[in-house]
Amino acid sequence: MSGGTEHLTVRREGATLVLTLNRPEAKNALSLAMLVGLYDGWLAADADDTVRSVVLTGAGGSFCAGMDLKALAGDGMAGGDRHRDRMKADPDLHWKAMLRHHRPRKPVIAAVEGHCVAGGTEILQGTDIRVAGASATFGLFEVRRGLFPIGGSTVRLPRQIPRTHALEMLLTGRPYTAEEAARIGLIGRVVPDGTALEAALEIAERINACGPLAVEAVKASVYETAEMTETDGLAAELRRGWPIFATADAKEGATAFAEKRAPVYRRE
């Protein structure tokens, strides 16, 4: 699988779909074409059972510098009218693209280099696993410009990192280093510059080797139960988890272990 839009490339790495934000001259700031491509990428990953994970990254040494207001207003590149028509047909499309109103059922791993600020940090919060190069920069700069981080950060960030850190990031609008981002829990791992994509693909390969029905059920359970009481969450976990034990994949996992071979999962 390959393709995308003018500002987003799509390719396969085995069972992983790699989505690359591709406006390096603008530090991969978001355009209409990029948002349409992102949303189509999430849908394509979920519709293809041979895709077991997704990696989101950026071209040219940056992840995403947030919204490009000029491009979003004009979007004058070839095909701009087509992208505007898509947005008009689905006024929620940009929020789905940014993972505010859409959660892919496949695990999404962010591979961050360089700038990951404003809307970039907001998209990041919709991903599941996050790896960053040592020189990456994070932050929500909206308040410095008299704006509101409306991509979900006032809701999601305090649920993902301690509230004191979330409020400092939200209210000061200052940049954060990769080391700081890892210390407060915004990202999971810091790697040498230029190796974030490689590290993300290694994580994806480990996920891809696992039972896909089990992986998707585990992800769904984590998010479904996040705001439940422990009692309700444990009940919901049983509803998600017990059916997995009855699958052919579960039997294959046990058989492969006994036979000392790699399992062959078929989503059955």
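Our structure's up above, just so we're on the same page.
As the structure is a prediction and not an experimental result, all values here were calculated from the model.

Caption draft 1: Up close: helix α10 (residues 212-224). Between the first and last C-alpha of α10 there are 18 Å, a value that for 13 residues agrees with the 18 Å anticipated at 1.5 Å per step. For α10, the set of buried residues is Pro212, Val215, Glu216, Ala217, Lys219 and Ser221. Elements that come into contact with the buried residues of α10 comprise β5 (108-112), α9 (196-208), α11 (230-245) and α12 (248-258).

Caption draft 2: The packing of α10 against α11, seen in detail. With their axes 10 Å apart at the nearest point, α10 and α11 run at an angle of 175° to one another. On the basis of their axis angle, the class for α10 and α11 is roughly antiparallel. Together, Leu213, Ala214, Ala217, Ala220, Ser221 and Glu224 of α10 and Ala236, Glu237, Arg240 and Ile244 of α11 make up the contact between the two elements. In terms of residue class, the contact of α10 with α11 is built from six nonpolar, one polar and three charged.

Caption draft 3: A look at the pattern of salt bridges. Throughout the structure, instances matching the rule amount to 17 salt bridges. Across the pair aspartate 40 and arginine 86 runs a salt bridge, and its minimum N-O distance is 2.8 Å. Placement of aspartate 40 in helix α1 (residues 32-47) and of arginine 86 in helix α3 (residues 80-89) is noted, with a sequence separation of 46 residues between them. Taking the relative accessible area as the measure of exposure, aspartate 40 reaches 31% and is therefore partly exposed. Using a relative accessible area of 30% as the deciding quantity, one classes arginine 86 as partly exposed. Among the ionic pairs, arginine 174 bridges to glutamate 180, the shortest N-O distance being 3.1 Å. Each of Asp49, Arg105, Glu216 and Arg267 takes part in salt bridges that share partners, so that together they form one network.

Caption draft 4: Quick look at the state of the cysteines. With the rule as written, the count across this model stands at zero disulfides. You can see cysteine 64 has no disulfide; the closest cysteine sulfur is in cysteine 116, sitting 7.3 Å from it. Residue cysteine 64 is classed as buried on the basis of its relative accessible area of 0%. Accessibility expressed as a relative area gives 0% for cysteine 116, which makes it buried.

Analysis parameters
- Residues numbered from 1 in each chain as written.
- Predicted model: local features only at pLDDT ≥ 70, side-chain atom pairs only at ≥ 80, totals over all residues.
- Heavy atoms only, no water.
- Helix = DSSP H or I, 4+ residues; strand = E, 2+ residues; numbered from the N terminus.
- Expected span 1.5 Å × (residues − 1).
- Buried < 20%, exposed > 50% of the residue type's maximum accessible area, 1.4 Å probe, protein only.
- Contact = heavy atoms within 4.5 Å.
- Axes fitted to C-alpha atoms, helices over the stretch in contact; angles between N-to-C directions.
- Parallel < 35°, antiparallel > 145°, perpendicular 65-115°, else oblique.
- Nonpolar A, V, L, I, M, F, W, Y, C, P; charged D, E, K, R; others polar.
- Salt bridge = Lys/Arg side-chain N within 4 Å of Asp/Glu carboxyl O.
- Disulfide = S-S within 2.5 Å.

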